[in-house]
Amino acid sequence: MKSCLNQVLLVALGFIVAPAITLTASVSALRRVLSVYWVVGAFTALPGVLSARAGFGDRITISGSEFRAGADRIWINGANTPWHTWNDFGGGFDPVWWDKHFQQLHETGINATRVWISCNGDVGINIDTNGVVAGCTPAFWSHVDSLLGSAGKHQVYIMATLLSFDHFSEDHTNHARWRKMLTDGGNIDALMAHYVVPFVARYKDNPWLWSIDLCNEPDWIYENAECGRISWDWIQMYVAKAAVAIHTNSRILVTVGIAMGPKYQSGRRGEDVFSDAVLRAKAGGSPLARLDFYSPHHYDWQTRIWGNPFSESPAAYGLDGGKPAMIGECPAKGTAGRSSTQDYEDAYLNGWQGIQGWTSNGVDANGGLEKLGPATRAFRDNHSELVSC
């Protein structure tokens, strides 16, 4: 049952809430309504990014094998918006496009999306010929500030992907620098000191940055000659050190977007290259060296080898049942013989905690919002208490 308040004007700590607030029976619902009217006031002149107010539950955390936004369960009714222009941040970032697109995501029921903060490292991050990272450019920080500002404005949580296998691919001129970074302990430390830690420090109080994906599909760095065939030992060292750095300095959740989950994230069907035990061994036994949740990727070529994860539980897929598991990438148009609407609903019914279809903006043949939108709208309409969008 709902009722209405008369026009209200609230002024608190330099933030102004506009009039005409609807009072609902649910505290969570009230948070959602209030958030629409937050207008940044007196603190806009401060450096860095302000602490945002999540309209539907504040920071996302973990309870058992589920996600929570504040006190409420949330299901990641998500997407991938990896880039608008390749290497947006520090490059050709278009704030108008991102703001408009976040509005479209919100209207389509999407409550979270995954963004590649660095596509291949050619811009935005200063790295020398020896593989030593010295920091990020002013444009990089300005662009990420703008991204998170628009995300909060339109109530879309962000999973920020810091690196990709593309950094190490011979397809671009700076790949040798990134390979040197990853294969030297001191250089990995420099990456922590001048990229990972400053990123976390700048945005740790912004709940719209709900998680960090340390690397997109690192399996290809290990397997493919064009990406250097770098050993798991080095990749594990990076993941372990980054996880410790993030957990030491923030409550941001940590994951890795593995391409082939059953092969490299399952102790039963393959090997779990980022298990707690493996990562802790790389970080001197620190319990902070861990992934908080799983986010494997799935495309049709994998179904022939490992089956379709949407028709089975994360445990049957091969993952440890002690952590939340979501599908970090899958075709926006749906998997073979299935619609995206079926994929989203079946994933929920089988115990997955979210999906992020690839992509919302149609960067390739896997589809865009025209294919993904029916699924995310249907899931929002059928499970509004889990989406809060």
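Residues numbered from 1 in each chain as written. Predicted model: local features only at pLDDT ≥ 70, side-chain atom pairs only at ≥ 80, totals over all residues. Heavy atoms only, no water.

1. Structural notes on the overall build of the chain
If you tally the helices and strands in the chain, you get 15 helices and 17 strands. Relative to its 389 residues, the chain shows a buried fraction of 54%. Expressed as a percentage of contacts within the chain between residues at least 6 apart in sequence, the contacts between residues at least 24 apart total 76%. Accessible area of the chain: about 15000 Å², with a carbon and sulfur share of 53%. (Helix = DSSP H or I, 4+ residues; strand = E, 2+ residues; numbered from the N terminus. Buried < 20%, exposed > 50% of the residue type's maximum accessible area, 1.4 Å probe, protein only. Contact = heavy atoms within 4.5 Å. Areas by Shrake-Rupley, 256 points an atom, 1.4 Å probe, with all protein chains shown as cover.)

2. Looking at the sheet that holds strand β17 (residues 354–358)
If you walk across this open sheet you meet the seven strands as β15-β14-β13-β10-β9-β17-β16, and the pairing is parallel. Looking along the sheet, the strands with just one partner apiece sit at the ends: β15 (253–257) and β16 (327–331). Pairwise comparison of adjacent strand axes, ignoring direction, gives a mean angle of 30° for this sheet. One ladder, built from three bridges, connects β16 with β17; its direction is parallel. Counted as the bridge partner of Ile327 is Ile355 from β17. Across the sheet, helix α14 (residues 369–382) is in contact with β9 (76–80) and β17; its angle to β9 comes to roughly 165°. (Pairing = 2+ DSSP bridges. Axes fitted to C-alpha atoms, helices over the stretch in contact; angles between N-to-C directions.)

3. Remarks on the confidence of the model for the chain
Across the chain, the average pLDDT comes to 88, with 85% of residues at 70 or higher. Ranking the elements of the chain by mean pLDDT puts strand β2 (residues 10–12) last, at 32, and strand β10 (residues 112–116) first, at 99. The low-confidence segment residues 1–55 (pLDDT under 50) makes 80 contacts with residues lying over four places distant or belonging to another chain. (pLDDT = per-residue confidence, 0-100.)

4. Looking at α14
Spanning 14 residues, α14 covers 19 Å between terminal C-alpha atoms, matching the ideal 20 Å at 1.5 Å per step. Residues of α14 that are buried: Leu369, Leu372, Gly373, Ala375, Thr376, Phe379 and Arg380. On its buried face, α14 is in contact with β9, α3 (95–107), α13 (340–349), β17 and α15 (384–387). (Expected span 1.5 Å × (residues − 1).)

5. Remarks on the packing of aromatic side chains
Using the criterion set out here, one finds 30 aromatic pairs in the structure. Where Trp75 meets Phe379, the ring centres are 4.2 Å apart and the plane angle is 25°; that geometry is what we call stacked. Taken together, the positions of Trp75 in the loop between β8 (72–74) and β9 and Phe379 in helix α14 put the pair 304 residues apart, joining distant regions of the chain. The buried category is assigned to Trp75, whose relative accessible area is 0%. Judged by relative accessible area, Phe379 falls into the buried class, the value being 2%. Clustering of aromatic rings is evident, with ring pairs tying together Phe89, Phe93, Trp97, Trp98 and Phe102. (Phe/Tyr/Trp six-rings, centres within 6.5 Å; stacked < 30°, edge-to-face > 60°.)

6. Regarding unusual backbone geometry
Note on backbone geometry: most residues besides glycine have negative phi, and most peptide bonds are trans. Geometrically, the link from Trp358 to Thr359 is a cis peptide bond, its omega value of 0° lying close to zero. Positionally, Thr359 belongs in the loop between β17 and α14. Phi angles above zero are rare outside glycine, and Glu217 is one such case at about 50°. Under the relative-accessibility criterion, Glu217 is labelled buried at 10%. A positive phi is found at Arg229, a non-glycine position, where the angle reads about 45°. Assignment of secondary structure puts Arg229 in the loop between α7 (219–223) and α8 (232–249). In this structure Arg229 comes out as exposed when scored by relative accessible area, which is 56%.

7. Some thoughts on the packing of helix α6 (residues 185–203) against α8
Taken N-terminus to C-terminus, the directions of α6 and α8 make an angle of 35°; their axes are 10 Å apart at the nearest point. Here α6 and α8 pass one another in a crossing that is right-handed. Every residue of α8 that contacts α6 at Gly185, Ile188, Asp189, Leu191, Met192, Val196, Val197 and Val200 is listed here: Trp234, Met237, Tyr238, Lys241, Ala242, Ala245, Ile246 and Asn249. Its residues placed into classes, the contact of α6 with α8 shows 12 nonpolar, two polar and two charged. (Left-handed = near helix turned anticlockwise from the far one by under 90°. Nonpolar A, V, L, I, M, F, W, Y, C, P; charged D, E, K, R; others polar.)

8. Remarks on the environment of Arg251
Mapped onto the elements, Arg251 comes out in the loop between α8 and β15. Distance from Arg251 to Arg59, taken between C-alpha atoms, is 8.5 Å for residues 192 residues apart in sequence.

9. Considerations on helix α5 (residues 175–182)
Think of an α-helix as 3.6 residues a turn; residues three or four steps apart then line up on the same face. Looking at α5, one finds that the buried residues are His175, Trp178, Arg179, Met181 and Leu182. The arc that holds the buried residues of α5, viewed along the axis, is 155°, so those residues lie on one side. Next to the buried residues of α5 lie β11 (125–127), β12 (133–136), α6, α7 and α8. (Arc of directions from axis to C-beta.)

10. A closer look at the nonpolar core
In this structure, Ile117, Leu191, Tyr195, Phe199, Leu214, Tyr238 and Phe274 are the most contacted members of the largest nonpolar core, which totals 88 residues. Residue contacts for Ile117: discarding those within four places in its chain leaves Phe89, Phe140, Val144, Leu147, Ala160, Thr161, Tyr195 and Phe199. In terms of nonpolar packing, the next biggest core, distinct from the first, is built from 13 residues, Ala69, Ile74, Trp208 and Phe293 among them. (Core = buried A, V, L, I, M, F, W, Y, C linked by side-chain atoms within 4.5 Å.)

11. A closer look at the pattern of salt bridges
Taken as a whole, this structure holds 14 salt bridges when the rule is applied. In this structure, Arg202 and Asp145 form a salt bridge, with 2.8 Å as the shortest nitrogen-oxygen distance. Of the two residues, Arg202 is situated in helix α6 and Asp145 in helix α4 (residues 138–153); the sequence distance between them amounts to 57 residues. One network of salt bridges, in which partners are shared, links Glu66, Arg68 and Arg73. (Salt bridge = Lys/Arg side-chain N within 4 Å of Asp/Glu carboxyl O.)

12. A few points about the sheet that holds strand β7 (residues 66–69)
If you trace the three strands from one edge of the open sheet to the other, you get β6-β7-β8, paired in antiparallel fashion. The open sheet has two edge strands with one neighbour each: β6 (60–63) and β8. Here the average twist between neighbouring strands, direction ignored, is 50°. The pairing of β7 with β8 spans three bridges and is antiparallel. Residue Ala69 lies in a different strand from β8, and its bridge partner there is Asp72.

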